[in-house]
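Single-letter residue listing:
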Amino acid sequence: MKVPLSWLKRHLETAASVDTIVERLTMIGLEVDGVADRGRGLEDFVVARVVEAHRHPDADKLSVCVVDAGPGTGIAQVVCGAPNARAGLMGVFAPVGTHVPGTGVFLKRATIRGVESNGMLLSERELGLSDEHTGIIELPAEAPLGARVVDVLGLADPVIDVAVTPNRGDCLGVRGIARDLAAAGAGTLKSLPIEAVPGQFSSPIRVFREFSDGDGDACPYFVGRYIRGVTNRESPEWLKRLLLAAGLRPISALVDITNLMTLNVCRPLHAFDADRVRGDLHVRLARPGERLAALNGREYGLGGSMTVIADDEEPQALGGVMGGERTACTGVTRNVFLEAALFDPVRTATTGRELSLPSDARYRFERGVDPSFVIDGMEMATRLVLDLCGGEASDLVIAGAEPEWRRTVAFRPERVRTLAGVDVPESEAQRILEALGFSVSGTGGEALDVAVPPWRTDVVGEACLVEEVVRIAGYDRVPATPLPRLATLPEPALTPSQRRRALARRTLATRGLVEAVTYSFMSSASLQSFAPVPNALRLVNPISADLDTMRPTILPNLIAAAGRNADRGVADAHLFEVGPQYAGVAPEDQRMVAAGIRCRRTGPKHWDETPRAWDVFDAKADAMAVLTALGAPADKLIALDGAPDWYHPGRSGTVRLGPTAVLAVFGEIHPRVLRQMDVSGPVAAFEVFIDTLPSAKRRAGSLRPPLALSPFQPVERDFAFIVDRSVAAQDLVRAARGADKALISEVRVFDLFVGESLGVDKKSLGITVVLQPTERTLTDADLESVAEKVRSRVEKATGGALRT
């Protein structure tokens, strides 16, 4: 809602500055999006008179004008291409050296077709006011010569852009904003002059409300008036300036008056060209097949729930939304029928949404307008039409009746303190309510009876009145009260299981996998490639023949998705999903699993690095990364055989905690399964059973273990041990790690060698042991001591010997 300061002062008697008004608006809940200074950059343009104007000697469409810009600027010769340039015209002059905002150029002395030009006479587009550029601006003859154009055109008037919330429909008129400011002490609200216009004749157009039972609320009240003998001329300058400042384009006096009423007092109106109305007007619901050519140049098909204003032949307007093109007022309109009505907010909003048809009228009707201001609004609009367009007004044409809007709310002044924590005296609370238009009766500590004004449709109870009092009294009066300190912290919003799922997703995403969300169902035919389908998992009434079984594992869905990607040219898929899989119908048969796959190769062809196929070790790394992130005790995990049949028997394994607890399964998918699913391999996959993980242990009084960083440099030492081929690398790593748990932070395998030189059934495993001191720098003696511990511990655990 754009409100020029001068327009606001038509309703508010105030000496407050624009900064003070902006600050007060913000404090009472009417947020200000900004303040526009329309005169910025136009300070150098002045009012000038064209003294002489004659045709350019070498161009038919150019004129050579002698311009008098007043004492400060003097006489200048200007070459002008405007068709309305003539002697005696008062226009806007831009001298040499000024910047023209509409074109972005700085004016210089120029020679145009051999004639010198010193400056420019400007159009509205060149001044940046509108898109009008058919001629130069024509100012009133009484405009003072040499005066600043920003003062003459009212461009020095700041425009306040107020962001009105949906519940404050009354503030979609300047009057409503002024009322709030007056209540907040920013000025005094002026009385609204309403003068009844006596009718001179009976309207030749009658109005009928034609609704079936239960639909009368679509338009409960309609007031019309016929005005004959009007002249729909151009609006006066004051009206055009107000509309332009508010963001609307002036059209004609009749149309501009309806827009002025909408913005000024939030009373939408519509003007019909009465000579184009065929017969009487009928307010009703649309009939099947009816259409309306609207004022925006588009044609709409109407639904049976839409309110229309029709003549005897067809709809001429959508009630509360937009008028029709056939009865629109034009320059030749001589007789006009004004409409002021009430339309149901819900129907109006629904109609606008169904047709994707926004309008200023709809924006206000769907938020609620003052039901008591229909006749007063008609009288105001009639007076404006008679003053600006002439003519003679008929008696009012009334259909329906003003709906009952009066309601009273019981208000206990002490509730301001108990609900909002603000001490506001009863007298001040009563003053605020009355300044906002409420009527208050009752005193002496009793509950006050507060009559709600008709324009405040958002006030429904005592709490609303408390909000009004606190809003005007000042939110800054609400005391800052600390919350009570609790003995114990409240329970977290997420359960440990939910946090684990989120952490698993984040971990896999950081490793380059893309999350997929697949159905919890799958095809029993594709599941045959994995394992027999238990009858308990078959659906009695599946949503699709291809989704007839609850999934016992997530992997088939991910592999099928990878196959579809490959069919579309994306062969190297990296997918994961965190979700449930099922072993039966009991609640305990559902397990939360983090599963993922990597298909084909590690990347595209590259000149410096040959891509390789994904393998079992990549799947194991993904599974171990998830387990580690979820707090599994990495030093106690062991990898063994025993993966399900859909994994490659020689390239798969399980991660266990102890002999029985399986935390994860990893490996390459069996080629047989890939062939049956028609997916090119290899495919490395893993499944991490989140629910099987032990609960993470927390330090007492801490949400997470403290981060311990050492200031000392880590030291790495390499060892190579000759062991039997049956010895697992993880056993050797675990033995080395246990040699000194306080000092050894990491053990990595970096080499595997098998050869005849080592002996029969022997292999060499190379490991890197990382030593991280925390108290002091390690000496050579310390390093030798740790090396001896590693050698001794590995030999004892694996029977291996240090390779020399």
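Bear in mind that the values here come from a model prediction, so they are computed numbers and not experimental data. (Residues numbered from 1 in each chain as written. Predicted model: local features only at pLDDT ≥ 70, side-chain atom pairs only at ≥ 80, totals over all residues. Heavy atoms only, no water.)

Section: the overall build of the protein chain
1) Next: A count of helices and strands for the protein chain gives 20 helices and 42 strands.
2) Next: Here the protein chain has a C-alpha radius of gyration of 42 Å; the compact-globule value for 804 residues is 28 Å, and the former is much larger.
3) Next: The principal-axis extents of the C-alpha atoms in the protein chain amount to approximately 120 × 80 × 60 Å.
4) Next: With 804 residues in all, the protein chain has 47% of them scored as buried.
5) Next: Considering only contacts within the protein chain whose residues lie at least 6 apart along the sequence, 69% involve residues at least 24 apart.
6) Next: Approximately 40100 Å² of the protein chain is accessible, and the part contributed by carbon and sulfur atoms is 51%.
7) Next: Here the protein chain contributes 92 positively and 103 negatively charged side chains, and the mean placements of these two sets differ by 6 Å. (Helix = DSSP H or I, 4+ residues; strand = E, 2+ residues; numbered from the N terminus. Rg over C-alpha atoms; globule rule 2.2 N^0.38 Å. Buried < 20%, exposed > 50% of the residue type's maximum accessible area, 1.4 Å probe, protein only. Contact = heavy atoms within 4.5 Å. Areas by Shrake-Rupley, 256 points an atom, 1.4 Å probe, with all protein chains shown as cover. Lys, Arg positive; Asp, Glu negative; His and termini not counted. Charge placed at Lys NZ, Arg CZ, Asp CG, Glu CD.)

Brief notes about the nonpolar core
1) Next: Judged by nonpolar contacts, the single largest core of 106 residues is most densely connected at Leu 8, Leu 25, Ile 177, Leu 181, Phe 222, Phe 337 and Phe 411.
2) Next: Looking at this core element by element, the count peaks at nine residues for helix 10 (residues 374-389).
3) Next: Non-local contacts of Phe 411, meaning those with residues more than four positions away in its chain, are made with Val 416, Ala 429, Leu 433, Ala 447, Leu 448, Val 450, Glu 462, Leu 465, Val 466 and Val 469.
4) Next: Leu 527, Ile 559, Leu 575 and Cys 599 belong to the second-largest nonpolar core, a separate cluster that totals 29 residues. (Core = buried A, V, L, I, M, F, W, Y, C linked by side-chain atoms within 4.5 Å.)

A look at the sheet that holds strand 42 (residues 801-802)
1) Next: Spatially, 40-41-39-42 is the arrangement adopted by the four strands of the open sheet, whose pairing is antiparallel. Bordering the open sheet on either side are strand 40 (744-753) and strand 42, each of which pairs with just one other strand.
2) Next: Here eight bridges tie strand 40 to strand 41 (residues 762-771), and the two strands are oriented antiparallel to one another. Bridging from a neighbouring strand, Glu 746 pairs with Val 770 of strand 41. (Pairing = 2+ DSSP bridges.)

Section: the side chain of Asp 215
1) Next: Following the sequence through the fold, Asp 215 ends up in the loop between strand 15 (207-210) and strand 16 (221-228).
2) Next: Among residues more than four places away in sequence, those in contact with Asp 215 are Leu 285 and Arg 347.

Some remarks on the packing of helix 14 (residues 496-510) against helix 17 (residues 616-629)
1) Next: The interhelical angle for the contact between helix 14 and helix 17, taken along N-to-C directions, is 140°, at an axis separation of 9 Å. Regarding the angle of helix 14 to helix 17, the classification is oblique. When the axes of helix 14 and helix 17 are compared, the crossing they make is right-handed. Where helix 14 approaches helix 17, its residues Leu 503, Ala 504, Thr 507 and Leu 508 are matched on the opposing element by Asp 622, Ala 625, Val 626 and Ala 629.
2) Next: In terms of residue class, the contact of helix 14 with helix 17 is made up of six nonpolar, one polar and one charged. (Axes fitted to C-alpha atoms, helices over the stretch in contact; angles between N-to-C directions. Parallel < 35°, antiparallel > 145°, perpendicular 65-115°, else oblique. Left-handed = near helix turned anticlockwise from the far one by under 90°. Nonpolar A, V, L, I, M, F, W, Y, C, P; charged D, E, K, R; others polar.)

Let's talk about the confidence of the model for the protein chain
1) Next: Averaged over all residues, the pLDDT of the protein chain equals 90, while 99% of them reach at least 70.
2) Next: Note on residues 699-703: pLDDT is under 50 here. Beyond four places in sequence and across chains, it has three contacts. (pLDDT = per-residue confidence, 0-100.)

Here's the deal with the packing of aromatic side chains
1) Next: Under the counting rule described, the total for this entry stands at five aromatic pairs.
2) Next: For the pair Phe 530 and Trp 646, a centre-to-centre distance of 5.6 Å together with 55° between the ring planes defines the contact as tilted. Of this pair, Phe 530 sits in the loop between helix 15 (524-527) and strand 32 (549-550) while Trp 646 sits in the loop between strand 35 (637-640) and strand 36 (647-657), and the two are 116 residues apart along the sequence. There is no split in this pair, since Phe 530 and Trp 646 are both buried.
3) Next: Between Phe 719 and Phe 721, the ring centres sit 6.2 Å apart and the planes meet at 15°, which makes this aromatic pair stacked. This pair shows no difference in class: Phe 719 is buried, exactly as Phe 721 is.
4) Next: Among the aromatic side chains, those forming a connected cluster through ring pairs are Phe 530, Trp 646 and Tyr 647.
5) Next: A cation sits over an aromatic face here: Arg 228 above Phe 201, 3.7 Å from the ring centre.
6) Next: Here Arg 598 stacks its cationic end above the ring of Trp 614, 4.8 Å away from the centre of that ring. (Phe/Tyr/Trp six-rings, centres within 6.5 Å; stacked < 30°, edge-to-face > 60°. Lys NZ or Arg CZ within 6 Å of the ring centre and 35° of its normal.)

Describing the pairing of strand 16
1) Next: Counted residue by residue, strand 16 has seven buried out of eight residues, so it is predominantly covered.
2) Next: Bridge count for strand 16 against strand 24 (residues 335-342) is eight bridges, and the pairing is antiparallel. When the sheet's bridge partners are listed, Gly 224 is paired in strand 24 with Glu 339.
3) Next: Relative to strand 26 (residues 397-400), strand 16 runs antiparallel, the two sharing four bridges.

Section: the environment of Thr 518
1) Next: Position of Thr 518 relative to the elements: it lies in the loop between strand 30 (514-515) and strand 31 (521-522).
2) Next: Residue classification places Thr 518 among the buried positions, given a relative accessible area of 19%.
3) Next: Separated by 39 residues in sequence, Thr 518 and Asn 557 have C-alpha atoms that sit 6.6 Å apart.
4) Next: Ignoring any residue separated from it by four or fewer positions in sequence, one finds Thr 518 in contact with Arg 551, Asn 557 and Glu 577.
5) Next: At a separation of 3.3 Å, a polar atom in the side chain of Thr 518 contacts the side chain of Asn 557.
6) Next: One polar contact links Thr 518 to Glu 577, side chain to side chain, over a distance of 2.7 Å. (Polar contact = N/O pair within 3.5 Å; in protein donor to acceptor, adjacent residues only side chain to side chain.)

Considerations on the sheet that holds strand 33 (residues 574-582)
1) Next: Taken together, the seven strands give an open sheet; going across it, the order is 30-33-34-38-37-36-35, and neighbouring strands pair in mixed fashion. Looking at the sheet topology across the chains shown, the edges are occupied by strand 30 and strand 35.
2) Next: Against the sheet, helix 16 (residues 555-567) touches strand 33, strand 34 (590-599), strand 36, strand 37 (661-669) and strand 38 (683-689), its axis set at about 30° to strand 34.
3) Next: Contacts from helix 17 reach strand 34, strand 35, strand 36, strand 37 and strand 38, with the element oriented near 150° to strand 37.

Describing the pattern of salt bridges
1) Next: The tally for this structure, following the rule as stated, stands at 45 salt bridges.
2) Next: The closest approach of N and O atoms between Arg 511 and Asp 622, which form a salt bridge, is 2.7 Å. One end of the pair, Arg 511, is in the loop between helix 14 and strand 30; the other, Asp 622, is in helix 17, and 111 residues separate them in sequence.
3) Next: Three or more residues are tied together by salt bridges with common partners; here these are Arg 168, Asp 170, Asp 180, Arg 456, Asp 458, Glu 468 and Arg 471. (Salt bridge = Lys/Arg side-chain N within 4 Å of Asp/Glu carboxyl O.)

A word on the layout of surface pockets
1) Next: One number sums up the size of the largest pocket: a volume of about 1200 Å³.
2) Next: In this structure, the largest pocket is lined by 33 residues; those nearest its centre are Lys 620, Ala 639, Ala 729, Gln 730 and Val 733.
3) Next: For the lining of the largest pocket, the secondary-structure elements that each account for two or more residues are helix 17, strand 35, strand 36, helix 19 (729-737) and strand 40.
4) Next: Examining the composition of the lining of the largest pocket, we find that seven residues originate from one element, strand 40, more than from any other.
5) Next: Broken down by class, the residue content of the lining of the largest pocket amounts to 19 nonpolar, five polar and nine charged. (1 Å grid on protein atoms, 1.4 Å probe; cavity = no way out; pocket = protein on both sides within 12 Å on 5 of 7 lines; lining within 4 Å. Points joined across faces, edges and corners; volume = space filled by probe spheres on them.)

Notes on helix 2 (residues 18-27)
1) Next: Those residues of helix 2 lying buried are Ile 21, Val 22 and Leu 25. In an axial view of helix 2, the angular spread of the buried residues amounts to 100°, which keeps them on one side of the axis.
2) Next: Considering only its buried residues, helix 2 is in contact with helix 1 (5-8), strand 3 (31-36), strand 13 (159-163) and helix 5 (174-183).
3) Next: Just downstream of helix 2, Gly 29 is the residue with a positive phi angle, here 95°. (Arc of directions from axis to C-beta.)

Section: the side chain of His 270
1) Next: Considering the arrangement of structural elements, one finds His 270 in strand 17 (residues 270-273).
2) Next: On the basis of relative accessible area, His 270 is assigned to the buried category, the value being 13%.
3) Next: Setting aside residues no more than four positions away along its own chain, His 270 makes contact with Leu 295, Gly 323, Gly 324, Phe 337, Leu 338 and Glu 339.

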